[in-house]
Number of protein chains: 2
Amino acid sequence: MALKEVSSNKSFGGWQKVYSHESSELGCTMKFGIYLPPQAEENKLPVIYWLSGLTCTEANFIEKAGAQRYAAEHGVIIVNPDTSPRDLNIPGDCDAYDFGVGAGFYLNATQEPWKKNYRMYNYVTIELPGIVNSNFGIAEGKQSIMGHSMGGHGALICALKNPGLYRSVSAFAPICNPSECPWGIKAFSGYLGQKETGFWSEWDATELVKRYNGPPIELLIDQGLEDNFLSQKQLLPENLIEACKAVGVPAILKKREGYNHSYFYIASFIGEHIKYHVEALLK
Amino acid sequence: MALKEVSSNKSFGGWQKVYSHESSELGCTMKFGIYLPPQAEENKLPVIYWLSGLTCTEANFIEKAGAQRYAAEHGVIIVNPDTSPRDLNIPGDCDAYDFGVGAGFYLNATQEPWKKNYRMYNYVTIELPGIVNSNFGIAEGKQSIMGHSMGGHGALICALKNPGLYRSVSAFAPICNPSECPWGIKAFSGYLGQKETGFWSEWDATELVKRYNGPPIELLIDQGLEDNFLSQKQLLPENLIEACKAVGVPAILKKREGYNHSYFYIASFIGEHIKYHVEALLK
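Sequence order as written defines the numbering, with residues in each chain counted from 1. Written order decides the labels, with chains lettered from A and ligands numbered from 1. Local features in this predicted model are restricted to residues of pLDDT 70 or higher, and side-chain atom pairs are both shown and tallied only at a pLDDT of 80 or more, whereas totals for entire chains, interfaces and linings draw on every residue. Heavy atoms from the whole structure form the basis of all side-chain values; hydrogens and water molecules are not counted.

A.B. asks: Please explain the sheet that holds strand β2 (residues 14–23) of chain A as it appears in this structure.
C.D. replies: Note: strands within a sheet are paired through backbone hydrogen bonds, in either parallel or antiparallel orientation. Residue and element names in this part refer to chain A. Note on pairing: DSSP must find at least two bridges between two strands before they are called paired. Put simply, DSSP marks the helices as runs of H or I at least four residues long and the strands as runs of E at least two long, and each gets a number from the N terminus on. Overall, mixed pairing links the nine strands, which are arranged β1-β2-β3-β5-β4-β6-β7-β8-β9 in an open sheet. Only two strands of the sheet have a single partner each, and these edge strands are β1 (4–11) and β9 (251–256). Ignoring strand direction, the axes of neighbouring strands in this sheet form an average angle of 20 degrees. Where strand β4 (residues 45–51) and strand β5 (residues 77–81) come together, three bridges link them in parallel fashion. Bridged to I48 within β5 is I78. Throughout, a contact is declared for two residues whenever any of their heavy atoms are within 4.5 Å. Helix axes use the C-alpha atoms of the stretch in contact, all axes being lines fitted to C-alpha atoms, and the angles between their N-to-C directions lie in the range 0 to 180 degrees. Of the strands in this sheet, β1, β2, β3 (28–36) and β5 touch helix α2 (residues 67–74), which is tilted by about 55 degrees from β3. Running over the sheet, helix α8 (residues 237–247) touches β8 (219–224) and β9 and is turned about 155 degrees from β8.

A.B. asks: Just checking my understanding: could you explain the relation of the copies chain B and chain A for this structure?
C.D. replies: Mapping between the two copies of the chain is achieved by a rotation about an axis and a shift along the axis. The atoms used to superpose the copies are C-alpha atoms, taken from residues with pLDDT of at least 70 in both, and the fit is least squares. Mapping chain B onto chain A is achieved by rotating through 180 degrees and translating by 0.0 Å along the same axis, at an RMSD of 0.0 Å. Expressed as a symmetry operation, the mapping of one chain copy onto the other fits a two-fold axis. When each C-alpha of chain B is compared by its distance to the rotation axis, K64 of chain B comes out closest, at 2.7 Å. Both copies present the same face, since 100% of the interface residues in chain B are matched by interface residues at the equivalent positions in chain A.

A.B. asks: It is not clear to me how the interface of chain B and chain A should be interpreted in this structure. Could you clarify?
C.D. replies: Interface size, as often reported, equals the accessible area lost upon joining of the parts. Every contact between the two is made by 23 residues of chain B and, on the other side, 23 residues of chain A. Buried area is calculated as the accessible area (1.4 Å probe) missing from two parts once they are joined, with the contributions of both summed. In total, about 1900 Å² of surface goes out of reach between chain B and chain A, with carbon and sulfur atoms giving 50% of it. Any carboxyl oxygen of Asp or Glu within 4 Å of a side-chain nitrogen of Lys or Arg constitutes a salt bridge here. At the boundary of chain B with chain A, the tally comes to two salt bridges. The residue E63 of chain A makes a salt bridge to K64 of chain B at a minimum N-O spacing of 3.6 Å. Distance and chemistry together define a polar contact, namely a pair of N or O atoms within 3.5 Å, with one atom able to donate a hydrogen and the other to accept it when in protein, and with adjacent residues in sequence counting only for side-chain atoms on both sides. At the junction of chain B with chain A, the criterion picks out 14 residue pairs in polar contact (both at pLDDT 80 or more). Among the secondary structure elements, those contributing two or more residues to the side of chain B that touches chain A are β1 (4–11), β2 (14–23), α1 (59–64), α2 (67–74) and α9 (263–281) of chain B.

Note that every value here comes from positions in space, so none of it alone points to a role or purpose.
This is the structure in structure tokens:
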């Protein structure tokens, strides 16, 4: 699997790089960001995956989250993929910001014309880690996952569907119950067919947590209280927290007074999340 | 002078805001960013002005430099203006990235058709501080200035032309000797006329330092050693350092191995610069 370096910028003593590669899962060229802290020159390091939200590419997190400083401080690699396949020109894939390009929802589609390429779940849980592990010095088995909004949903379902694969999981303003919110209903209807197919609950954190069966897991959910999408009922953290309580899965809900859905909010707390993951990764 | 709030995002416990206003100096609507750390709710605080480089608006620094964390830590306000007048539709003002819109060079133009509106020097040293001081809680006389590339040039000339106005000055990869580099020659020829007019040396840090006459001043110059514009002789820090030595003005040149001209470089060292300014401002 040949990687092509797209950009390389020295940052906090390490390197913020972007690579492109041909994805067999998605059938297109994909880009991802990787921050290699200074410690990566001598040691194998743990890795945290970051999944971005609707409309993002790999660039938003790299440029706006300010994560490099904390990754350098703690000696952890951060990998952030794009949010969907690109340049496939599937009819309708660019008609809306919340479906198709930039809106892969980290699932494997079952419906035409999406099912061949819209396989972001397999991409982020299998193909990309395979590439990262074989090209960079990753400490074996030391990976965690986090994300924002649609990517928060992605992080949660990746962790819940793969017991033990990630040491820890956290999410900023995640779409917690996509089966019940407008964004999720639109995306799931398109990618998975109508709800009656039964596919939806396989990609919904609030449903998945109810049947979680694996080693102990804790969900760190972060939520700004002035987030418009919270009041618009797109995120529904209360549904996930209730489901966690019902089945005894520990969940931490950090409520952030005054913060909205933006990268200003993410940047304010990304250091806290990275520290949380590093503590789990160093155990 | 009425300010209109364009955006407001909570960040590191404070507020990153953008305002617009009618500028009498520039004859157009201008935007600027202001970060108000949490301490601003109770106290008057010092302010640091940031001047951005070619092609930037007020957005780049706000989104990419990661300065808010350090400003919140130290209790300092940061104000960052746009880089030129906007929306004037002066013939030729959008023909190139390095002249006209996005490229005001922080001077007062003397040539038609620029001299009526391209007065960024008066804007950043007089009009904008007047607006900031009358609308926000600024500790009297406590201001410093910094910038990047064209904005590093701007910070240096603002400090050198106004002895005592700023407590400290620093610059990332500044255009140190615009009279002698392609960017500067193009801009100065357009805004100020040919070199023989004698105007150029009034806007060139390397010339201004030779005749600096005021309270002791120190120049903090930061330079990435893998900066393409350094090797292309656009920045010429060696000329400024030599001039400083000749007249006994102290200059600190921080050379950064492996760093380029990007905001990844700025973000890596903005904390160090803010700390440097805060030490001068708290004296």
